[in-house]
Amino acid sequence: MKSGFKSLTWKQTKLVVFTALFFAIAIFLIEIALVAINTKQQLTSSQQELLDSVEQTTTNAVWSLDDKLAKQTLQGIIKVDNIGSALITLDDGSLFVSASNRPVISTDSYQAFSQRLFGTLKQIERPLYRPFYFEGSQKQQLIGTLTVNYDTKRLTAHLIDQLQLGFIATLARAFLLTLVLTVVFHRFLTQPIAHISEAIDNIDTDYPDENLLPIDKGHQDDELGLVTTKFNQILCQFSQTQTKLRKMATRDSLTGLPNRTLLLETLNVTIQRSRVHQRHFTMLFIDLDRFKNVNDSLGHALGDQFLRRVAHILERVVADNGSVSRLGGDEFVILADDIHTPDQAAEFVETLLKQLNAPMHLNEHTIHPAASIGISIYPEDGESPEDLIRHADIAMYNAKAAGSNQWAFFKQQMTKWASERLQMEASLHDALKKEQFLLYFQPKLDLKSGHVIGCEALIRWKKDGQLISPIAFIPVAEDTGIIIPIGRWVIEQSCKVIREWQKKYSFALPIAVNVASQQFADASLVPDIKQLALRHQVAPELLEIEITETSLMNNINDAIIKLQHLKNAGFGIAVDDFGTGYSSLSYLRHLPISTVKIDRAFVNDLPEDGAIASTILMLGQQLDLDIVAEGIETKEQLEWLKQHNCAIGQGFYYSKPLPQAEFEAKYMQPLPHIDQHIINV
């Protein structure tokens, strides 16, 4: 109980006491006024009766000068209550007889009070006249005066004694009433409120409807019962809200599966139980392959439907072997507490992938789901929930790096790989700010004449004096999304180089720049390219945009619109790595492209296997497209391409990618080696 707490019973008692005292004093003051008025009236009446009763006797005594009779009469008068003295004076003012009582000793306050109440009644007089009239005259003859002095102090003292008794009685009644009201209030009001307060202290905030407030039988139909009922209704509503919030906090809103919070709670319990029983269990971290393609091409509504269907498949396969959770996006976790060995885990994953890979029909679309799965086992791969999830996540990334629909167990060396990956992510964010990126250029040549007709810009990362291969950092940049600002930097830097060549050599070679899938999907790509070319005063035909076939297939309709905008603006458009996709041939005639590049994988097979390269060359000729063969490394490959009318090529046979200064020294300054028809400004 708080130190400043004050009991309601005590407050009520004080209120009743003060109220009772107030009314008691008020009533007492009224009673004083009434008693004073009544006493004065009685005193006035008794004075007149006294004077009337002794007037005849005192008149006879004065007339006959019978002082003995007069004395006896006065002695009788002073025996009357509250009379202090009495005297008779003759008509000449001389004292005839007198009588008095012993005066009452009183305080000054009594005297002042007595004077205020009975000052006008303190003395009364009655003139005494001759008992018969003079002859021939009706006028009465004054023979003396009877004076009676009242002892008002005694009267006042008597009155105060009487009022004191009344005041004590009033106080007694007030305190008795206070006691009764206090008991009644405590029994019928304070005590039920105290019981409600105790019940409130016992309310469990997690389950408030399990300890509802008691309703006193005597208050079921009054305000206190109404307040208690309303409060209980609030508790029930709050409990329902708590249940909803608990479900929202621990359940995924889309699939209804446990989320990360509930997964961690379940993992803690499973770990404790497994530690006691010395048992193993398995955790699977699942990431759906190509889910972004589904979301981007079919829309978020069908993407959500796809995730719900996948969740249902996972729950059906897991059944009683464990539980399925969704961490967010396309990431799921299976806690398989009945799978104890790596062999069991491997068998289970194979079964899971077989069920998951079955074609899925969403409206008129057919999707072939695939997933990358990482596996961690307790306690070998971690003894805490965070470690098990993190290690399974690392194993999943390792599986995804091996290709689609793969799975992998966690291995300790993966932690080092994950750490290096995190460091690279952090370094990539600083690389742009610290201007650590460089552009290298690889020439593109006319295969028949051997003249340079353009080049491809290739990014390099120079960190601490060492060049880092794009193969090492581009996948990380794509995963983290930093590939978008990096790609924009490549385009801007290429525009700067073109402008520099124009000023330095009065001509410029067209530069081809690669655009990653994420960058191509970015809505600002087309406006950025146009703006950068305009800012650096670069003719659009000097900048060629290379798009991978996979980027086009993510959302073919959107790709056609973007490419059409670029082509209308005058930029060159090339499809890179052509032939590695799976469905682009049917869309190729609809794409507003100018160049197709034969992937180096097909060039490497030359001249032994030229089927695919021949097909691409034939298709390019029919569609009036420029064909570029990349990755030419041998003279035999070059001769085959010439024989099959491939016009343009690039590769180590001619030159590896070179820094800008070396490229300029080798290909820009010796003018005879350059096709002036193509590159003159």
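Use the structure listed above.
These figures come from a predicted structure and were not determined experimentally.

The rules we used
- Residues numbered from 1 in each chain as written.
- Predicted model: local features only at pLDDT ≥ 70, side-chain atom pairs only at ≥ 80, totals over all residues.
- Heavy atoms only, no water.
- Helix = DSSP H or I, 4+ residues; strand = E, 2+ residues; numbered from the N terminus.
- Buried < 20%, exposed > 50% of the residue type's maximum accessible area, 1.4 Å probe, protein only.
- Contact = heavy atoms within 4.5 Å.
- Areas by Shrake-Rupley, 256 points an atom, 1.4 Å probe, with all protein chains shown as cover.
- Phe/Tyr/Trp six-rings, centres within 6.5 Å; stacked < 30°, edge-to-face > 60°.
- Lys NZ or Arg CZ within 6 Å of the ring centre and 35° of its normal.
- Pairing = 2+ DSSP bridges.
- Axes fitted to C-alpha atoms, helices over the stretch in contact; angles between N-to-C directions.
- Polar contact = N/O pair within 3.5 Å; in protein donor to acceptor, adjacent residues only side chain to side chain.
- Expected span 1.5 Å × (residues − 1).
- Arc of directions from axis to C-beta.
- Parallel < 35°, antiparallel > 145°, perpendicular 65-115°, else oblique.
- Left-handed = near helix turned anticlockwise from the far one by under 90°.
- Salt bridge = Lys/Arg side-chain N within 4 Å of Asp/Glu carboxyl O.
- Patch = residues over 30% accessible without salt bridge, like charges linked within 9 Å, V, L, I, M, F, W, Y side chains within 5 Å.
- Core = buried A, V, L, I, M, F, W, Y, C linked by side-chain atoms within 4.5 Å.

**Student:** Could you give an account of the overall build of the protein chain, naming the residues involved and the relevant values?
**Tutor:** Looking only at helices and strands, the protein chain has 23 helices and 21 strands in total. Counting every position in the protein chain, which comprises 681 residues, the buried fraction comes to 43%. Look at the contacts in the protein chain between residues 6 or more apart in sequence, and 68% of them connect residues 24 or more apart. When the accessible surface of the protein chain is summed, it comes to about 37100 Å², and 54% of that surface belongs to carbon and sulfur atoms.

**Student:** Pulling in residues and values, what's your account of the packing of aromatic side chains?
**Tutor:** Each aromatic ring pair is summarised here by two numbers: the centre-to-centre distance and the angle between the ring planes. Evaluated as defined, the whole model comprises 13 aromatic pairs. Measuring from ring centre to ring centre gives 5.9 Å for F437 and F473, while their planes differ by 40°; the resulting arrangement is tilted. Of this pair, F437 sits in strand 12 (residues 437-446) while F473 is found in helix 12 (residues 470-480), placing the two residues 36 residues apart along the sequence. Since its relative accessible area comes to 4%, F437 is described here as buried. Taking 5.9 Å as the distance between ring centres and 40° as the angle between the ring planes, the aromatic pair formed by F441 and F663 counts as tilted. Placement of the pair is F441 in strand 12 and F663 in helix 22 (residues 660-668), with a sequence separation of 222 residues. Taking NZ or CZ as reference, K562 lies 5.4 Å from the ring centre of F520, over its face.

**Student:** I'd like a rundown of the pairing of strand 6 (residues 323-328), residues and numbers included.
**Tutor:** Bridge analysis of strand 6 against strand 7 (residues 331-336) gives 5 bridges, and the strand direction is antiparallel. Opposite S325, over in strand 7, you have V333 as the bridge partner. Taking the residues between adjacent antiparallel strands as the criterion, strand 6 and strand 7 are bridged by 2 residues, where G329 takes a positive phi near 60°.

**Student:** Give a description of the sheet that holds strand 6 that names residues and reports values.
**Tutor:** In space, the 5 strands of this open sheet follow the order 6-7-5-10-11, with mixed pairing throughout. In this open sheet, the two edge strands, each paired with only one partner strand, are strand 6 and strand 11 (407-409). Taking each pair of neighbouring strands and ignoring which way they run, the sheet shows an average axis angle of 20°. Sheet contacts for helix 6 (residues 260-277): strand 5 (281-288), strand 6, strand 7 and strand 10 (371-378); angle to strand 5, the most-contacted strand, approximately 155°. This element, helix 9 (residues 342-356), spans strand 5, strand 7, strand 10 and strand 11 of the sheet and lies at about 155° to strand 10.

**Student:** With reference to specific residues and values, describe the side chain of D289.
**Tutor:** In this structure, D289 sits in the loop between strand 5 and helix 7 (291-298). Reaching out from D289, the side chain makes a polar contact with the side chain of K400 at a distance of 2.7 Å. In contact with D289, not counting residues within four places along its chain, are A370, A371, S372, K400, S404 and N405.

**Student:** I'd like a description of helix 2 (residues 67-78), backed by residues and values.
**Tutor:** With 12 residues, helix 2 extends 16 Å between its outermost C-alpha atoms, agreeing within 8% with the 16 Å of an ideal straight helix rising 1.5 Å per residue. Within helix 2, burial applies to A70, T73, L74, I77 and I78. The arc enclosing the buried residues of helix 2, seen along the axis, measures out at 130°, which places them on a common side. Residues K68 and Q72 are exposed on helix 2 and point more than 90 degrees away from its buried face.

**Student:** Give me the lowdown on the environment of W489, citing residues and values where you can.
**Tutor:** Locating W489 in the fold gives a position in helix 13 (residues 483-505). The exposure class assigned to W489 is partly exposed, which follows from its relative accessible area of 21%. With 57 residues separating them along the chain, W489 and L432 place their C-alpha atoms 8.3 Å apart. Apart from residues lying up to four places away in sequence, W489 is in contact with L432, F437, L438, L439 and I459.

**Student:** Talk me through the packing of helix 13 against helix 22; I want residue IDs and the actual numbers.
**Tutor:** Where helix 13 meets helix 22, the closest approach of the two axes is 13 Å, and the angle between their N-to-C directions is 45°. The orientation of helix 13 relative to helix 22 falls into the category oblique. In the packing of helix 13 onto helix 22, the handedness of the crossing is right-handed. Mapping the contact onto sequence places V497, E500, W501, K504 and Y505 in helix 13 and Q660, F663, E664 and M668 in helix 22.

**Student:** Which residues make up the sheet that holds strand 3 (residues 123-129), and what values go with them?
**Tutor:** Taken in spatial order, the 4 strands make up an open sheet running 2-1-4-3, and their pairing is antiparallel. Sheet topology places strand 2 (95-100) and strand 3 at the edges, where each strand pairs with a single neighbour. Neighbouring strand axes in the sheet, compared pairwise and without regard to direction, differ in orientation by 10° on average. Across 7 bridges, strand 3 lies against strand 4 (residues 142-150) in antiparallel orientation. The residue bridging I124 from the neighbouring strand is V148, located in strand 4. Relative to strand 2, helix 2 is tilted by about 30°, and along the sheet it contacts strand 1 (83-90), strand 2 and strand 4.

**Student:** Account for the pattern of salt bridges, naming residues and giving values.
**Tutor:** Charged atoms that come close allow side chains of opposite charge to pair. What the rule picks out here adds up to 16 salt bridges. One salt bridge connects R326 with D252, and the closest N-O pair in it is separated by 3.0 Å. In this pair, R326 is assigned in strand 6 and D252 in the loop between helix 5 (223-250) and helix 6, connecting sequence segments 74 residues apart. Judged by relative accessible area, D252 falls into the buried class, the value being 12%. A salt bridge links R390 to D387, with the shortest nitrogen-to-oxygen separation between them at 3.0 Å. Residue R390 and its partner D387 are located together in helix 10 (residues 385-401), separated by 3 residues, close to a single helical turn. The class of D387 is partly exposed, set by a relative accessible area of 27%. One continuous salt-bridge network, built from bridges that share partners, spans E456, E546, K597 and E630.

**Student:** Provide a residue-level description of helix 8 (residues 300-318), including the pertinent values.
**Tutor:** The end-to-end C-alpha distance of helix 8 is 27 Å, a good match for the 27 Å that 19 residues give at a rise of 1.5 Å each. Those residues of helix 8 that fall on the buried side of the exposure criterion are L302, G303, F306, L307, V310, A311, I313, L314, V317 and V318. Once helix 8 finishes, A319 follows within two positions and takes phi at roughly 50°, a positive value.

**Student:** I'd like a description of the environment of F520, backed by residues and values.
**Tutor:** Within the secondary structure layout, F520 lies in helix 14 (residues 517-521). Using a relative accessible area of 3% as the deciding quantity, one classes F520 as buried. In this structure, the C-alpha to C-alpha distance between F520 and A559, residues 39 residues apart in sequence, is 8.2 Å. Setting aside chain neighbours within four positions, we find F520 in contact with V515, L525, I547, S551, L552, A559, K562 and L563.

**Student:** Give a detailed account of a nonpolar patch on the surface, specifying residues and quantitative values.
**Tutor:** A surface patch of nonpolar side chains, amounting to about 660 Å² of accessible area, comprises L176, L179, V180, V183, V184, F185, L189 and I193. By the element assignment, V183 lies in helix 4 (residues 152-201).

**Student:** Can you tell me about the nonpolar core, naming the residues and giving the values?
**Tutor:** Most often, soluble globular proteins keep nonpolar side chains buried together rather than apart. Counting 77 residues, the largest nonpolar core has L428, F441, W501, I511, L543, I593 and F663 as the members making the most contacts within it. Once you skip the residues sitting within four places of it in the chain, L543 turns out to touch I491, S494, C495, I498, I511, V513, I529, F571 and G572. If you look at the next biggest cluster of nonpolar residues, it comprises 34 residues, including V324, F332, L353 and I367.

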